[in-house]
Structure formats: structure tokens, C-alpha cells
Amino acid sequence: MQGSLDLDRRAFLAAGGALLAASGTRAHARPTQRSRVDAVFEANAAVLPERAGAGANHYPMAAEALEHLGRTEGIADSWIAGAKGYRGPIPRVEPIDDVESAIGDPDRYGDWLDLFRAALVEGDWAAVVARWAPRLAPGLTAGAFHGLVRAGHAARALGRVDTPHRRAELATALAYWASAYIEIPTREDAERNPLDRVEHPWLDETEDVDFFGVTERLVRRPVAPPLREIDPSHARAQLDALVREAAAGFLEMLVQERHRIWMLHTVTAPAAVDLLLRAVADDDAAILVAHADRAVVAMFAAYGAPYEPRTHVRATPPTWTKLMDHAASSESVHTIKLFEALERFDRDDDALCRSVAAQWMEWT
């Protein structure tokens, strides 16, 4: 499960594309028992979650986002056929009886998969999330955040309708998160400054890193501040503020053309935490939000640059209908996931989230 990602920008953005139809995104359809999303989940259940030369498997996540948006007709056949690009031996060592020795070991991915499949055969799937999401929270940068993001999408899919394929998808996501788990070191003397005022030790390192190199810079030296203490009663509000703060910073990174693919995850990762919060207790929600917060700060330290917040917020950005029209023609799984997250955190008709989407649209 090691290797390097060797895709040009357009191929990476367009991987496993989709037709996302125009329209607002507030009314969401309930799927049938055997939906297009279940078909995507089934096709991608027995393959690796990431692969050298292809990065993380985004097909299930993008399919779920389209279902949430009520646009299942946009799920491409290539997302089912494309699963073969992630085929390979599922690594296993032995059944897991000691979590601490197995966590963070990619050679135990299959063992984790077996553990979570067994836990999710029947019973309360949300209880599995409630147990494991807080335990895995310190390593939520796993797989360049994709274990977390995939788990969030799987949980939301199960929240709409409970099917075996959705349970299998959640098992895959949690196994990916657990096997790729890695904790980023803490800079104990650091404060949690606003994202526009973090230090940037790698400011001159502008060359894009490959998928498997993303986390390396986060662990090369301590750049994350100590964990913030979050009032459980305010966890959701703190997460909302984090996503919007990250969106404002990401907008300026797009303009600066700085590590745009990886900085995108400062928005989509905490937005995925939001999808898990309904399954966890309030105290655990605060833990998830706190770890998401420090990971976003670390990403801005590792890959960002100085900026003035909201400098490039547009006076009249396109409507969500027009932005989703663009997503329809882009066939980009990243665009679909990003736009869905931005729309979800759009507040009070603020132009920020639509400005981010518009800036991304012009780049891609």
C-alpha cells in the first residue's frame, strides 16, 4: 500500500467523474433499497481503499454525495467499472485481538476490515461509529483524511436507508481509517492562532507532493497546536466556524495556486466530521471537533501561506444552480464533494462558500 501518485492534475480531478445535474441542493430524495449508490458500494467493497498511481478511491464518496443531493442519475457507470483499478491482495496478518498493536498498520487493513464487517453484520451501526470515531479521532489525517471522509459519507448513507452494502461501505471506511491511522505531533508551545496567522515552515516548498507524501510533512516536525478544549454544548457551532474559517483560507490558497488539491481537504475533512456527529455523544463530538481543528491548523502550517481573509470573496458569485451545472460538466469527484460540503455550510447568503466554488471552478 505504499507508492507514489503519478497523475496529472486534470486526470486526478476528473477521476471517476459524474454528471451532477443543475438545481438547488436542499431537497434530498430517499433512495430505493437497491440504489445506484448500493451498486457503487458493492463494486468497491472488495478492493483496496487506496493504490499507488491512483491515490484514494473516491467513487463511493462521490456517489453518496450525489445521492444526498438527490442526483443519483449522475452516478457514472465508470465508478463501478473503475473499482478494478483498486484491485490487489487485501493485506492480512491475523485477527485483531490487540487494538493498540494493530492500529496504524497498513498491513493489517484486511484484519481491520474483518473486525468491522463482523461488528456491522447486524445491530446498531451508529453504535459502532459512536465507539470507534472518538478512538480514531487522533489519527483523522489517515490516508490524507480519506478514511475519515469516507466514514462520514458512509454514515450519512446509512442514515438514509440501512442496507448490507452501506454497512459494508462503513466497514471499509473505518478499516481504512484504522489501518492508515497516524497521529501528528504537537508543538506544545504553540497557540491556536487564526489560520491566517499560523507559521509556515515549508513556505518555499511549492512543488506538489504525491498522495502518499501528504502526511509526511505533517509529521516531519511538530506544527500542530495542543488540542483545544471544546465545550461539548458548543461543538457543532465550533465545527461550523472551523469549516468556514478553512473555506476562507482555502479561497486565498486557490488564488495563490498553493497546494490546491491538498488544501481542499481542510474544508472537506471537517465537513465530514459533521456527518459523524449525530452518531456520537456530546463529549465525543467535542473530541472529534478538537482533533479536526488542530489537523486543519497543521495543514495550513504545512501547505499554506500567509493571506488576508476574505480578500477574494466575490460581490456576486454564481448561484448554486450555476455552480452545480459546472459540476455536471466537470466530471470531477473532488468538485462534487467540495461543492456539496460548501453548500452545506453556506450561511445567511454569505458569498464566501460560493466564491470558493467559483474560484475552484475557474481553476479546474
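Residues numbered from 1 in each chain as written. Predicted model: local features only at pLDDT ≥ 70, side-chain atom pairs only at ≥ 80, totals over all residues. Heavy atoms only, no water.

1. Things to note about the overall build of the chain
- Within the chain, the secondary structure is distributed over 17 helices and two strands.
- The C-alpha radius of gyration computed for the chain amounts to 19 Å, which stays within 12% of the reference 21 Å derived for 364 residues, consistent with globular compactness.
- With respect to the three principal axes, the spread of C-alpha positions in the chain is 50 × 45 × 45 Å.
- By the burial criterion, 59% of the 364 residues in the chain qualify as buried. (Helix = DSSP H or I, 4+ residues; strand = E, 2+ residues; numbered from the N terminus. Rg over C-alpha atoms; globule rule 2.2 N^0.38 Å. Buried < 20%, exposed > 50% of the residue type's maximum accessible area, 1.4 Å probe, protein only.)

2. Some words on unusual backbone geometry
- Even without being glycine, A144 reaches a positive phi, approximately 55°.
- Residue A144 is classed as buried on the basis of its relative accessible area, which comes to 4%.
- The phi angle at R310 is positive, at roughly 65°, despite the residue not being glycine.
- Tracing the chain through its elements places R310 in the loop between α14 (282-303) and α15 (320-330).

3. Some words on the packing of helix α7 (residues 125-136) against helix α9 (residues 164-180)
- The contact between α7 and α9 brings their axes to 11 Å, and the two run at 10°. Judged by the inter-axis angle, α7 sits roughly parallel to α9. The chirality of how α7 crosses α9 is left-handed. Here α7 contributes W125, V128, V129, A133 and L136 to the contact with α9, which in turn contributes R167, L170, L174, W177 and A178.
- Residues of the contact of α7 with α9, tallied by class, amount to nine nonpolar, no polar and one charged. (Axes fitted to C-alpha atoms, helices over the stretch in contact; angles between N-to-C directions. Parallel < 35°, antiparallel > 145°, perpendicular 65-115°, else oblique. Left-handed = near helix turned anticlockwise from the far one by under 90°. Contact = heavy atoms within 4.5 Å. Nonpolar A, V, L, I, M, F, W, Y, C, P; charged D, E, K, R; others polar.)

4. Some details on the side chain of R344
- By the secondary structure assignment, R344 is in helix α16 (residues 333-344).
- Classification of R344 as buried rests on a relative accessible area of 16%.
- A distance of 3.0 Å separates the side chain of R344 from the backbone oxygen of A271, its partner in a polar contact.
- Dropping the residues within four chain positions of it, R344 is found in contact with R156, A271, D274 and L275. (Polar contact = N/O pair within 3.5 Å; in protein donor to acceptor, adjacent residues only side chain to side chain.)

5. Re the environment of P226
- Checked against the element boundaries, P226 lands in the loop between α10 (214-220) and α11 (235-256).
- Sequence separation between P226 and T266 is 40 residues; the distance between their C-alpha atoms is 18 Å.
- Those residues in contact with P226, other than ones at most four positions away along the chain, are T186, R187, E188, A190 and R294.

6. Focus: the environment of I336
- As for its position among the elements, I336 is in helix α16.
- Taking the C-alpha atoms as reference points, I336 and M61, separated by 275 residues in sequence, lie 9.5 Å from one another.

7. Examining helix α13 (residues 265-276)
- Its 12 residues give α13 an end-to-end C-alpha distance of 16 Å, which sits within 8% of 16 Å, the value for a rise of 1.5 Å per residue.
- Taken across its 12 residues, α13 has 12 buried, putting it largely inside the fold.
- Burial in α13 covers these residues: H265, T266, V267, T268, A269, P270, A271, A272, V273, D274, L275 and L276. (Expected span 1.5 Å × (residues − 1).)

8. Here's the deal with the pattern of salt bridges
- Enumeration over the complete set of coordinates arrives at 27 salt bridges.
- Of the charged contacts in the structure, one is a salt bridge between D293 and R192, with a shortest N-O distance of 2.9 Å. Linking D293 in helix α14 with R192 in the loop between α9 and α10, this pair joins segments that are 101 residues apart in sequence.
- Between R314 and E362 there is a salt bridge; the shortest N-O distance is 2.8 Å. In this pair, R314 sits in the loop between α14 and α15 while E362 sits in helix α17 (residues 352-363), placing the two residues 48 residues apart along the sequence.
- By relative accessible area, E362 is classed as exposed at 52%.
- One connected set of salt bridges, linked through shared partners, spans D38, E64, E67, R156, R160, R166, D274, E340 and R344. (Salt bridge = Lys/Arg side-chain N within 4 Å of Asp/Glu carboxyl O.)

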